[in-house]
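Structure assessment
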Amino acid sequence: MNWFYIMSKARLRYVRYWLQYAQQYQKDWQSLGAEYGQWRRAWEMLSARQEMNIDQAQREQLVLDYLIALDSFLEKRGLLRDNIAWLERGLAAAHARNQPIMLGRFGQDLGWCYRNLGEREKALEYLNLALGIRRKFGPRIGEGATLNMLGVIYDDLGQFQQAVEVLQESLAIRREEGHREGEAITLHNLASTYFNMRNWDQAEAHYQAALELAQTAGDEESVAGTLNNLGELSMAQGDSARAANFFEEALARFEALGDKTHTAAVLSNLGLLANRQGRPRDAIDKFEAALVLQRQLGQAANAATTLNNLGTVYEGMGESERALSYFEEALRLHQTSGHETGTGTALGNIGGIYYRLGDWPCAIEYYEQARQIFVAVGDQSSAATLSNNLAVAYYKLGQPEQARQYLDQALDGHRRSGNRQGEAETLNNLAALARAQAELDQAKEYLVQALTINKSIQDQSSIATNLNNLGAIASLMDDVEMAVAYYEAALEIRRQIEDNEGIASTLYNLAQVWMGLGNLTQAETLLQEAVRLDTTYGFVNLERDQSALEQVRQEVNISALVDGAEDE
């Protein structure tokens, strides 16, 4: 009996059986996941070139058939490293079978996997390979898809104008080909790029165009997704009520569809909105609800992002140790999945905790690890943000020259990447450094530059921060009238965007000015409101504001006693 022949035939039957299973349940991720070990073993038999009594051409075709059936499952489950290994084997098979269409497809898929791992330079390499193949061999619709993905990468890298140009080419192809679903996706991506450029009008116009397409097609999932995006746009513009309406409608639609993945995403956005409005407990509830769904679905990368968000909320509440535990858990998940940018984000957040705890050397260590990751993956903007953080930590260590070097590095990085918001934030920190060195005119100049940028990108929250800081500079320069004007302008914006923590902070600053002018009644009124907000929302400056209020009340009482004595 030829056992070798029998085993070869058995392996081939096994491989073909699990291929048929994968093809049958291609869109049923639960069924595929339940038998993951079986069809993975079949794939390994193919990859290891175990004898199956078939020729090389048949083997390579089986490799391609497996990939076509399963690469979507691997991507959606976040098994990116596995997917990369499969796709690279698929590229070899496509070369062997002289199938340029498959080469283009697998090159594009590899680019997207590397993008999701945060390795954007590698992503560009594969996507440009795919684009060259598809421009030569087609299909035209595939060319549009690859251009769309390239646009997303350029957006990730902060190269917004290049992103717009590539996405507009993708949009033209998809319209030419009558690919309505692809057209809607590219409209979304254009809107996202305009969003990042703070071009709110263009972002709104493209989202609304995508929404109209989805509604005409009766595509409920796309309708819900676009409503969620419009909520994100409204939140960025400081229109909390409009944002909440969009998010709630999107949430109801995704829940009705049974779409847990996007339900979790909208819950996370509601958490971000609640935290921005100074409602940390509500934010925690939303993030925890999202986390439950993400863990049920086995979405490690998304769960890690939510853990980062939870950590940020607890950090804002002054619960540093609890925040640290969330950031460390997020770091472990990102490292396990090989997600480079996620790892960098978590390291940066951990650095922020040590900064808050006053452990400057430890903060610097984590910030530097994070910065190096972002440099390695070509994310200039995020690397510049970490340089900004390093500058602040070095200043706290009493090394202002080192701080200045990192701030200059951050400013250059943000300008080269086109990150206007990051540029403004760095100018704000340069102003803080100049202020600390008693260079008040220079500080004011930096703040005016930052304010001009933030007005141009319509970042209401940052405009309020700049005005608040200009009020502090005016106060130090004994220009009381301008200090009050700046603080009141900041307060008006913060009330409009419902930034309760910012409101409390500016109320305290205004109160200090009125105390200096001897208007204790006005100062007491402002501090009472600040303390009420601190108490309601659990803000970290409660003790400071209570102390200031008590001081004002004591001075009011003393003043009343003196007035009474004079009357007698």
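Quick caveat, the model's predicted, so the values are computed rather than measured.

Here we take up the overall build of the chain. Regarding its fold elements, the chain presents 28 helices and 0 strands. The principal-axis extent of the C-alpha atoms belonging to the chain is close to 120 × 50 × 50 Å. Of all 568 residues assigned to the chain, the portion counted as buried reaches 52%. Considering only residue pairs separated by 6 or more positions, the chain has 55% of its internal contacts joining residues 24 or more positions apart. A total accessible area of about 25,700 Å² is found for the chain, and carbon and sulfur atoms account for 47% of it.

Applying the stated criterion to the full structure yields 7 aromatic pairs. Arranged with centres 5.5 Å apart and planes meeting at 10°, the rings of Tyr-394 and Tyr-406 form a pair that is stacked. Here Tyr-406 lies in helix H21 (residues 400–417) and Tyr-394 lies in helix H20 (residues 380–396), a separation of 12 residues in the sequence. Both residues of the pair, Tyr-394 and Tyr-406, count as buried.

Tracing the backbone through its elements, the reader meets Glu-524 in helix H27 (residues 520–537). Along the primary structure Glu-524 and Trp-514 are separated by 10 residues, whereas in three dimensions their C-alpha atoms are 9.2 Å apart.

We now examine the packing of helix H12 (residues 220–236) against helix H13 (residues 240–257). Where H12 contacts H13, the axes come no closer than 8 Å and their chain directions differ by 155°. Classified by the angle between their axes, H12 and H13 sit roughly antiparallel to one another. Crossing of H12 against H13: the hand is left-handed. Taking contact as the criterion, the partners of Glu-220, Glu-221, Val-223, Ala-224, Gly-225, Leu-227, Asn-228, Leu-230, Gly-231, Glu-232, Ser-234 and Met-235 in H12 are, on H13, Arg-242, Ala-243, Phe-246, Phe-247, Glu-249, Ala-250, Arg-253, Phe-254 and Leu-257. Residue composition of the contact of H12 with H13, by class: 11 nonpolar, 4 polar and 6 charged.

Within the secondary structure, Ser-320 is located in helix H17 (residues 320–337). Ignoring anything within four residues of it in the chain, the contact list for Ser-320 reads Ile-353, Arg-356 and Leu-357.

Averaged over every residue, the pLDDT of the chain is 88; residues scoring 70 or more account for 93%. In this model, residues 1–6 is a region of pLDDT below 50 whose contacts with residues beyond four sequence positions or in other chains number 3 contacts. Predicted confidence is poor over residues 561–568, with pLDDT under 50, and the contacts of this stretch with residues over four places away or in other chains come to 0 contacts.

Leaving glycine out, the prevailing phi sign among residues is negative, and the prevailing peptide bond configuration is trans. Between Gly-138 and Pro-139 the backbone carries a cis peptide bond, its omega angle lying at 0°. Take Pro-139: it is sitting in the loop between helix H7 (120–137) and helix H8 (140–156). We note that Ala-438 has phi near 65°; this positive angle belongs to a residue other than glycine.

To continue, consider the pattern of salt bridges. Evaluation of the coordinates by the stated rule reveals 27 salt bridges. With a shortest N-O distance of 3.2 Å, Glu-423 and Arg-420 are connected by a salt bridge. Of this pair, Glu-423 and Arg-420 are both found in helix H22 (residues 420–436), 3 residues apart, which corresponds to roughly one turn of the helix. A relative accessible area of 7% means that Glu-423 is categorised as buried. Judged by its relative accessible area of 39%, Arg-420 is partly exposed. Counted as one network, the salt bridges with shared partners bring together Arg-135, Arg-140, Glu-143, Glu-169 and Glu-176.

Further remarks concern H17. Between its terminal C-alpha atoms H17 stretches 26 Å, which fits the 26 Å expected from 18 residues at 1.5 Å a residue. Those residues of H17 that fall on the buried side of the exposure criterion are Ser-320, Ala-323, Leu-324, Tyr-326, Phe-327, Ala-330, Leu-331, His-334 and Ser-337. The buried side chains of H17 occupy one side of the element, clustering within an arc of 165° when seen end-on. Pointing more than 90 degrees away from the buried face of H17 are the exposed residues Glu-321, Arg-332 and Thr-336. Those residues of H17 that are buried lie in contact with helix H5 (80–96), helix H15 (280–296), helix H16 (300–316) and helix H18 (340–356). Two residues or fewer after H17 comes Gly-338, characterised by a positive phi angle close to 75°.

Cut-offs and rules
Residues numbered from 1 in each chain as written. Predicted model: local features only at pLDDT ≥ 70, side-chain atom pairs only at ≥ 80, totals over all residues. Heavy atoms only, no water. Helix = DSSP H or I, 4+ residues; strand = E, 2+ residues; numbered from the N terminus. Buried < 20%, exposed > 50% of the residue type's maximum accessible area, 1.4 Å probe, protein only. Contact = heavy atoms within 4.5 Å. Areas by Shrake-Rupley, 256 points an atom, 1.4 Å probe, with all protein chains shown as cover. Phe/Tyr/Trp six-rings, centres within 6.5 Å; stacked < 30°, edge-to-face > 60°. Axes fitted to C-alpha atoms, helices over the stretch in contact; angles between N-to-C directions. Parallel < 35°, antiparallel > 145°, perpendicular 65-115°, else oblique. Left-handed = near helix turned anticlockwise from the far one by under 90°. Nonpolar A, V, L, I, M, F, W, Y, C, P; charged D, E, K, R; others polar. pLDDT = per-residue confidence, 0-100. Salt bridge = Lys/Arg side-chain N within 4 Å of Asp/Glu carboxyl O. Expected span 1.5 Å × (residues − 1). Arc of directions from axis to C-beta.

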